Amino acid sequence: MVLLGFSGIVLSLLRTRRKREQEEIDVFSAVDSETTSEMEADAQSEGIRRDFVANVSHELRTPVAIVKGFAETLDEDYEELSGKKRREFIGKIRKNSDRLCSLVEDLLKLAELESPSHSLNMDDGKLAMVAEAVAERFEEQLDKTQSVRLELAEEKKTIRFDPVKIERVIENLLDNALRYARGFSIITIRTIIDEERHAIGCEVQDDGSGIPEKDLPHLFERFYRVDKGRSRESGGTGLGLSIVKHVVELHGGSIAVRSELEKGTTFSFTLPYRA
């Protein structure tokens, strides 16, 4: 009986020891898994950072090289160049200088939006009033065959949002249509109130050439361009839609795009509809 009791105690101790060893193994496995996950996340962040730096370098290199090249030509061959050529070169220098300024400004805005300490300057207002103000300024950039149409829902209450940044969102979407919606005649700004979801939506719709389906998932990525040559020629920085996405999400909203070739494109975003 004593031996049986002793054997039971030994078995019990062995089971306890094995349990503790297994717990230690589980702890080490969890730590190892967490460390691996952190290392993978760090590697991914580093990859994103490298890609971003490479993209920025590439975007800056082209206009800088153009400005430098034409400035050197003007400096070295000024007397030999005709007045027409001088004006042409100065025009190219100015155009690419403007592009550099736009790129730097957009990079600074994007860095500000991505900063953990960034906050919105919220105020009470109506989305329709912001849309009307932006549309009025935007019409000055259109030719006689183009127009902006407003279809704005009646907002019975004010909502809280950052009016300066939401104004920039609508401006960027209109500017995007003006630059890339080839053949458009009408751009429609539409607001829609969804009482059930407590949301207000805004659509910027054009009747231009449309965007291929394969490009739609990438449009809000930094420096992504559907037509790279046309984008640079038009002065786009490739950051406008990324800025739009950041601003909307900072408000707790969402953004989407749909398009059909030869029929047009619609960008839409929603904001919380609450006072």
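Here, residues in each chain are numbered from 1, in the same order as that chain's written sequence. Only residues with pLDDT of at least 70 get local features here, since the model is predicted, and only at 80 or more are side-chain atom pairs given and counted; chain-wide, interface and lining totals rely on the full set of residues. Side-chain measures were taken over the full set of non-hydrogen atoms in the model, leaving aside hydrogen atoms and water.

### Looking at the packing of helix α4 (residues 163-180) against helix α6 (residues 240-250)
- A fitted line through C-alpha atoms serves as each axis, taken over the contacting stretch for helices, and the angle formed by two N-to-C directions is quoted from 0 to 180°. Going along the chain from the N terminus, every DSSP run of H or I of four or more residues is numbered as a helix, and every run of E of two or more is numbered as a strand. Look at α4 against α6: their axes get within 9 Å of each other, and the N-to-C directions meet at 150°. As judged from the angle between their axes, α4 and α6 are roughly antiparallel. Handedness of the crossing formed by α4 with α6: left-handed. The residues of α6 that touch α4, namely those facing K165, I166, R168, V169, N172, L173 and N176, are G240, L241, I243, V244, V247 and V248.
- Only Asp, Glu, Lys and Arg are considered charged, only Ala, Val, Leu, Ile, Met, Phe, Trp, Tyr, Cys and Pro nonpolar, and every remaining residue, Gly among them, polar. A per-class count over the contact of α4 with α6 returns 8 nonpolar, 3 polar and 2 charged. Angular relationships are summarised with four words: roughly parallel below 35 degrees, roughly antiparallel beyond 145, roughly perpendicular across 65 to 115, and oblique for the angles in between. By definition, any crossing whose near helix is turned counterclockwise from its far helix by less than a right angle is left-handed, and any crossing with a clockwise turn is right-handed. The contact criterion used throughout is that any non-hydrogen atoms of two residues lie within 4.5 Å.

### As for the confidence of the model for the protein chain
- The predictor rates its confidence in each residue with pLDDT, a number between 0 and 100. Of all residues in the protein chain, 77% attain a pLDDT of 70 or more, and the chain-wide mean is 83.
- Note that pLDDT drops below 50 for residues 1-6; the model gives that stretch 0 contacts with residues more than four away or on any other chain.

### Section: helix α3 (residues 127-138)
- Under the convention used throughout, the expected extent of a helix is 1.5 Å for every residue step, that is, one less than its residue count. When the terminal C-alpha atoms of α3 are compared, their 16 Å separation across 12 residues agrees well with the 16 Å that a helix rising 1.5 Å per residue should span.
- Residues of α3 that are buried include every one of L127, A128, V130, A131, V134, A135 and F138, and no others. Angular distribution of buried residues about the axis of α3 spans 155°; they occupy a single face of the element. Across α3 from its buried face, at more than 90 degrees, point the exposed residues M129 and E136. Per-residue accessibility, obtained with a 1.4 Å probe over protein chains only, is compared with the maximum for each type, and a residue is labelled buried under 20%, exposed over 50%, and partly exposed between these values. Regarding the arc, it is the one traced by the directions from the helix axis to the C-beta atoms.

### Re the sheet that holds strand β2 (residues 147-151)
- Being paired, for any two strands, means DSSP has found at least two bridges between them. Pairing within the open sheet is mixed, and its 5 strands lie in the order β2-β4-β5-β7-β6. A single partner strand is all that each edge strand has here, and the edge strands are β2 and β6 (254-260). If you compare each strand with its neighbour and ignore which way they point, the axes differ by 15° on average.
- The sheet contact formed by strand β4 (residues 186-194) and strand β5 (residues 199-206) spans 8 bridges and is antiparallel. Directly across from I189, in β5, lies its bridge partner V204.
- The sheet contacts of α4 involve β4, β5 and β7 (264-272), and relative to β7 the element is tilted by about 175°.

### What about the side chain of E155?
- The topology assignment puts E155 in the loop between β2 and β3 (159-161).
- Comment: no salt bridge for buried E155; closest opposite-charge side chain is K126, at 6.5 Å.
- Apart from the residues within four sequence positions on either side, E155 is in contact with K126, L127, A128, I193, I200 and Y273. Counting rule for charge: Lys and Arg are taken as positive, Asp and Glu as negative, and neither His nor the chain ends is counted. Basic side-chain nitrogens of Lys or Arg form a salt bridge, by our definition, when they fall within 4 Å of a carboxyl oxygen of Asp or Glu.

### Here we look at the nonpolar core
- Membership of the largest hydrophobic core comes to 45 residues, with the highest contact counts inside it found for I170, L173, L174, I189 and F269.
- Once residues within four sequence positions are removed from consideration, F269 is found in contact with V169, I170, L173, I200, G201, C202, V248, S254 and I255.
- Of all hydrophobic cores here, the second largest spans 6 residues; its members include F70, L74, L81 and I93. Here, nonpolar core refers to any group of buried Ala, Val, Leu, Ile, Met, Phe, Trp, Tyr and Cys residues whose side-chain atoms link them within 4.5 Å.

### A look at α6
- For α6, the set of buried residues is L241, S242, I243, V244, V247 and V248.
- In this fold, the buried residues of α6 make contact with α2 (83-114), α4, β6 and β7.
- A positive backbone phi angle near 80° is found at G252, which sits one or two residues after α6.

### Focus on the pattern of salt bridges
- The full count for this structure, using the stated rule, is 17 salt bridges.
- One salt bridge connects E203 with R190, and the closest N-O pair in it is separated by 2.6 Å. Taken together, the residues span a long stretch of sequence, with E203 in strand β5 and R190 in strand β4 at a distance of 13 residues. R190 carries the same exposure label as E203, and that label is buried.
- The partner of D194 in a salt bridge is R197, and the shortest N-O contact between them spans 3.8 Å.
- Judged by its relative accessible area of 26%, D194 is partly exposed.

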